[in-house]
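# Geometric and topological summary
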Amino acid sequence: MRTTKWPTFLRAAAVVVIASGFLSHAQQSPEKKPLIETPSMRLAAAKNVFITRTHGSRIPLDVIKSTLEGWGRFTFVETPEKADLIIEISSTGDSGVQVSSSSKVSPETGQEEKSNTTRKDISPTEVKMTVFDSRNKRGLWTATESVKFAMKEKGKENNLVDASERLASKFHERLEPPAK
């Protein structure tokens, strides 16, 4: 079997062509993989916040908003479109007294009989804070705090304020964990 020898300049040219192919491949930037943004990353990057009350008392909204304003980390905006995060505040349950009256005609006497019923509703009250990504409405963080029971209206309001402050504190600790 006969082998043909390539002239030296052809061998050199082949080496240059092959080497340039490797170099051009090496110089191409590697494919950039899309960055997967975790909820923690999105929370940390957020600057603008829209806060709203979805249900219940206005007290939790006012307390949480003023607490976050005092923190100084966020700028509050007027519309969800301008926000990085949407914070929804809701409270449930309303411990209170319900009074109802009814009347009916007695079949025996033919006279109207009135009756009153009173009911004390002591359902648990909770304050819930949910934080959403404004771009895709994905939930990033949520927490609920129970409100201690109180008989007097002033005590109820104070307990609602306390629960709201605890909720704002939890959110703060989520974004900026305390040093250990």
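Below: a short report on this structure. (Residues numbered from 1 in each chain as written. Predicted model: local features only at pLDDT ≥ 70, side-chain atom pairs only at ≥ 80, totals over all residues. Heavy atoms only, no water.)

### Some remarks on the nonpolar core
- Counting 26 residues, the largest nonpolar core has I87, M129 and F171 as its most contacted members.
- Contributions of two or more residues to this core are made by β1 (48-55), α3 (59-71), β3 (85-92), β6 (125-133), β7 (139-147) and α4 (153-175).
- Ignoring sequence-local partners within four residues, the contact set of I87 consists of V49, F50, I51, T52, L68, M129, T130, V131 and F171. (Core = buried A, V, L, I, M, F, W, Y, C linked by side-chain atoms within 4.5 Å. Buried < 20%, exposed > 50% of the residue type's maximum accessible area, 1.4 Å probe, protein only. Helix = DSSP H or I, 4+ residues; strand = E, 2+ residues; numbered from the N terminus. Contact = heavy atoms within 4.5 Å.)

### Observations regarding the packing of aromatic side chains
- Within this structure, the stated rule accounts for 4 aromatic pairs.
- Relative to F171, the ring of F74 lies with its centre 6.3 Å away and its plane at 20°, an arrangement referred to as stacked. Of this pair, F74 sits in the loop between α3 and β2 (75-76) while F171 sits in helix α4, placing them 97 residues apart in sequence. When sorted by exposure, F74 lands in the same class as F171, which is buried.
- Between the aromatic rings of W141 and F171, the centroid separation amounts to 5.1 Å while the plane-to-plane angle is 55°, which identifies the pairing as tilted. (Phe/Tyr/Trp six-rings, centres within 6.5 Å; stacked < 30°, edge-to-face > 60°.)

### Some words on the environment of A45
- Along the chain, the position of A45 falls in helix α2 (residues 39-45).
- Between the alpha carbons of A45 and D84 there is a distance of 8.5 Å; along the sequence they are 39 residues apart.

### Focus: the sheet that holds β3
- Read across the open sheet, the 5 strands follow the order β2-β1-β3-β6-β7; overall the sheet is mixed. The sheet is open, and its two borders are formed by β2 and β7, each paired with just one other strand.
- Across 6 bridges, β1 lies against β3 in parallel orientation. Directly across from T52, in β3, lies its bridge partner E88.
- In the packing of α4 onto the sheet, contacts are made with β3, β6 and β7, and the angle to β7 comes to roughly 150°. (Pairing = 2+ DSSP bridges. Axes fitted to C-alpha atoms, helices over the stretch in contact; angles between N-to-C directions.)

### Some words on the side chain of E145
- By the element assignment, E145 lies in strand β7.
- By relative accessible area, which is 12% here, E145 ends up buried.
- Among the polar contacts listed, one links the side chain of E145 to the side chain of R166, at a separation of 2.7 Å.
- Polar contacts involving the side chain of E145 include one to the side chain of K170, which spans 2.7 Å.
- With residues near it in sequence (within four places) discarded, E145 still touches T125, E126, V127, A163, R166, L167 and K170. (Polar contact = N/O pair within 3.5 Å; in protein donor to acceptor, adjacent residues only side chain to side chain.)

### Focus: the pattern of salt bridges
- By the definition in use, this model includes 8 salt bridges.
- With a closest N to O distance of 3.4 Å, R73 and E176 form a salt bridge. Placement of R73 in the loop between α3 and β2 and of E176 in the segment after α4 is noted, with a sequence separation of 103 residues between them.
- Residue class for R73 comes out partly exposed when judged on its relative accessible area of 21%.
- For E176, a relative accessible area of 37% translates into the label partly exposed.
- A salt bridge links K156 to E153; its shortest N-O distance comes to 3.9 Å. (Salt bridge = Lys/Arg side-chain N within 4 Å of Asp/Glu carboxyl O.)

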